[in-house]
Amino acid sequence: MGKFCFHCGIEFENDSFVIEGKDFCCNGCKTVFEILGEHDLHSYYDIEKNPGISPSQFVGKFDYLDNKAIVEELLEFDDEGIQIVNLFIPNIHCSSCIWVLEQLNKLNPHIKDAQVNFPKKTLRVIFHSNSLTLKELVVLLASIGYPPKINLENKNTEKQITNRSLLYKIGVAGFSFGNVMLLSFPEYFEVNEFWLDQYKPVFRWLMFAFSLPVVFYAASDYFVSAYKSLRKGILNIDLPIALGVFVLFTRSTYEIVANTGQGFFDSLTGLLFFLLVGRYFQQKTYAFLSFERSYKSYFPIGVTVIKGGIEENIQVKDVKQGDRILIRNEEIIPVDSILIKGNAEIDYSFVTGESNPIHKTSGDKIYAGGKQKDQPIEIEALRSVSQSYLTQLWSKDSMKHQEKSQNFALTNKISKYFTMVILLVALSTLGFWLWWDPGYAAYVFSAVLIIACPCALALAEPFTLGNLLRIYGKRGFYLKDGQVINRMAEINSIIFDKTGTITANDQSKIHYHGMELNTHEKALLKSTLRGSNHPLSRQLYHMLRSQNILTMDDFKETAGKGIEATFANDTVKIGSASFLNQQSSSGVENTSVHISTNNNYKGKFVVFNKYREGVFELFKNLSKHYEIAILSGDNAQEANNLSKRTPSETKMFFNQKPEDKHHYIKQHQQGGSKILMIGDGLNDAGALKESHVGIAVSENVNVFSPACDSILDASRLKDIDQYLRLSKKGVQIIHLSFVISFLYNVIGLSFAVTGNLSPVVAAILMPLSSISIVAFTTLSTYFVSRNLT
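Residues numbered from 1 in each chain as written. Predicted model: local features only at pLDDT ≥ 70, side-chain atom pairs only at ≥ 80, totals over all residues. Heavy atoms only, no water.

> What am I meant to see in the confidence of the model for the chain here?
Interpretation of this model should avoid reading the predicted coordinates in detail wherever pLDDT is low. Confidence along the chain averages 80 in pLDDT terms, with 80% of residues attaining 70 or more. Across residues 397-409 the pLDDT falls below 50, and counting only partners more than four positions away or on other chains, this stretch makes 26 contacts in the model. (pLDDT = per-residue confidence, 0-100. Contact = heavy atoms within 4.5 Å.)

So this is what it looks like as structure tokens:
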């Protein structure tokens, strides 16, 4: 009898490598065990028995990674001794794989972080390139049984990966099902005489033979999944399916051997065929949702490109290779690029987790996801913007709040007990039928196990939220993930920022009061404003469009206060009266931006706000269901005007610094409020981050920030009440889907336990239940969103 490798489980006959009384089939498996042991990771083997995959000898296989040009093509990020690579690893197949791969930093301290995307079988690794090369990383992965599959041709393309193994299994099951049905016809029609004596035993054994590849190949995933779940003490949905298949096959084989009947091979093969078709349908639908969200939705944010010396705002999705882009202070770099002009201080915490700014000079490469922390810079795009990459950065677990993160709670609670209940029902039914009609017991038992399926339950929430994500995305409202919709439905209080949120930047009127500015002072003023993304800065900047642009020597922006910059021997300060050490005018004045040059006060720009179309109708509609408040960093000049045009219960707070807004939201949420904050993605980052849901309003501005949960096209602000109603209807659709799925299971079980439902019909109905839920959620979400334009 052969031995079994402790690491990979392969049976072998030759001499083994023995360590600590454990047998290993090869030196590779032994090395993996030793590496894991050296770093106290032997619990890898506690999660699952024989979880490893036997590694080959990889000497010379990855030598092409010594080529710097190839490495550069593979890397997502390479700067200041930090490299990031995203590798496709086909051997990822279970929870053990995820666990050990995300512990890579223990295997090699030069690995900073590793994250697995299980559905795509990819591993994203951040590592210190000064002490670990990409080749060494790949060899390490190969040595523990996870060699990456590297294909440069497909690196920069996203495509749907077809599970060919599943297609092969569907083909085998379908072929066997068809043949078994043909072989069953004589007994269906009770053909006697010559066939009865000569061919009936042959036909039955042929049916047995056709069932073997179905049970041991096509159904293998169900048996493996059931086995793994039992080892972990979990009862998953594949367990009753595997049990039903096993009982049908065992009973049918007994009947053939004992010559007491033809068994249920027709039901067995048909059952597996329809189950696999249903699984394929689910995978294709998930893939469709994923791709349509990536490519038909869009980030409603703008970037400023420079064409022929003229600045122009375009959508980020329209950026092309070679475009020259202006990046202001606190803006995210949207695409890999080359620094053309200006001094860059890039914060890559969004990408690598390292928050220390990195200094860049003209000609240096800058990677997408970095944030400029200084004066404005000009960059040249090296490729088109990858929206999927930005979404990936945005949705990284490390960027999310634990208090905001939540799983599909209702789905998980139901699924947790579903299998246990079904097994109890099935076993009770089996006991009854063994007493009532033993020959029919296995048939009924299998039908009960198959008809009761929580797949429809599991599909209801992700499909509903996935459809809503697409619907929102096509209407200028881009959400980080589906759980934002669940949180939107819980909102009971809404807070608006004023400037740039409920006011329209391009429609406000600005008047200057003070000493006349000379041409040089205007150029200094414009060049300073150019580096800021604050709504007031943008308005003043466009008003001074005709002035020359200077590259400032120093630039510093203080959130909620103002900007200070120097050029040669000149200093410019722009901001609030207190920032310039000036006394505010007696009484209440309009929104004002004060300026000084070389510590000499010059005057102020007075802004007369123009409110966005439909905003006061929006306040009226929202006030019926939510508490409304306005938190503004401006003075209270607009208080009287706003109080006349907003509902009487609207709360208003002025002269609010960013930290004041953050504190207000934190205090009220501790009191039980679920707050929706709508503001400027950059200047209100703290408040957006603290709120239950944070929405950044974009008006041809790069407001992309990890702090917010969603980005809203400014022209769609008036539709917020509709979006909130849609989120509530979405949750109602999910609950109704649960009810439909529950009724389906109750009705199906009532037929199955009474022996009025065959396993093959149950197998047909099972995927049909999933299809019906998908159809219901899709049609329902489109129906409830039909009034959105």
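Still to come is the rest of the account.
> Looking at this model, I keep getting lost on the sheet that holds strand β6 (residues 82-88). Mind explaining?
Each strand in a sheet pairs with its neighbour through backbone hydrogen bonds, running either in the same direction (parallel) or in the opposite one (antiparallel). Strand order in the open sheet formed by four strands is β5-β6-β8-β7, and the pairing between neighbours is antiparallel. Each end of this open sheet is capped by a strand with a single partner; those strands are β5 (75-79) and β7 (111-117). Adjacent strand axes in the sheet meet at a mean angle of 10 degrees when their direction is disregarded. Looking at chain direction, β6 and strand β8 (residues 122-128) are connected through seven bridges and run antiparallel. Residue pairing in the sheet places Gln83 in a bridge with Phe127 of β8. (Pairing = 2+ DSSP bridges. Helix = DSSP H or I, 4+ residues; strand = E, 2+ residues; numbered from the N terminus. Axes fitted to C-alpha atoms, helices over the stretch in contact; angles between N-to-C directions.)

> Please clarify how unusual backbone geometry should be interpreted in this entry.
Keep in mind that most residues, glycine aside, have a negative phi and that most peptide bonds are trans. Positioned with a positive phi, Asn598 is a non-glycine residue whose angle comes to about 50 degrees. Residue position: Asn598 is located in the loop between β24 (591-597) and β25 (600-608). Positioned with a positive phi, Asn655 is a non-glycine residue whose angle comes to about 55 degrees. As for its position among the elements, Asn655 is in the loop between β27 (651-653) and α23 (658-670).

> Even after reading the chapter, I still don't get the sheet that holds strand β13 (residues 344-347), so can you show me in this structure?
Read from one edge to the other, the open sheet built from three strands follows the order β14-β13-β16, with strand pairing classed as antiparallel. Strands at the two margins of the open sheet, each flanked by one partner only, are β14 (358-360) and β16 (371-372). The pairing of β13 with β16 spans two bridges and is classified as antiparallel. Paired with Asp347 across the strands is Lys371, a residue of β16.

> For this particular structure, what's the right way to read the packing of aromatic side chains?
Each aromatic ring pair is characterised by the separation of its centres together with the angle its planes make. A full pass over the atoms with the stated rule returns 22 aromatic pairs. The interplanar angle of 65 degrees and the centroid separation of 5.9 Å between the aromatic rings of Phe175 and Phe210 together place this pair among those described as edge-to-face. Here Phe175, found in helix α7 (residues 164-188), pairs with Phe210, found in helix α9 (residues 200-218); they are 35 residues apart in sequence, far enough to count as distant. The ring of Tyr217 carries the charged tip of Lys169 above its face, separated from the ring centre by 5.6 Å. (Phe/Tyr/Trp six-rings, centres within 6.5 Å; stacked < 30°, edge-to-face > 60°. Lys NZ or Arg CZ within 6 Å of the ring centre and 35° of its normal.)

> Could you clarify how one ought to interpret helix α20 (residues 535-543) in this entry?
Helical periodicity: at 3.6 residues per turn, an α-helix aligns residues three or four positions apart in one direction. Extensive coverage of α20 is indicated by the burial of seven of its nine residues. Among all positions of α20, only Pro535, Leu536, Ser537, Arg538, Gln539, Leu540 and Tyr541 are buried. (Buried < 20%, exposed > 50% of the residue type's maximum accessible area, 1.4 Å probe, protein only.)

> Help me understand the packing of helix α16 (residues 438-451) against helix α25 (residues 720-753) in this model?
Geometrically, a packed helix pair is captured by the angle between its two axes and the distance between the axes. Running from N to C, α16 and α25 point in directions that differ by 175 degrees, and their axes come no closer than 9 Å. It follows that α16 is roughly antiparallel to α25 by the angle criterion. On α25, the residues that touch Val444, Ala447, Val448 and Ile451 of α16 are Tyr744, Asn745, Gly748, Leu749, Ala752 and Val753. (Parallel < 35°, antiparallel > 145°, perpendicular 65-115°, else oblique.)

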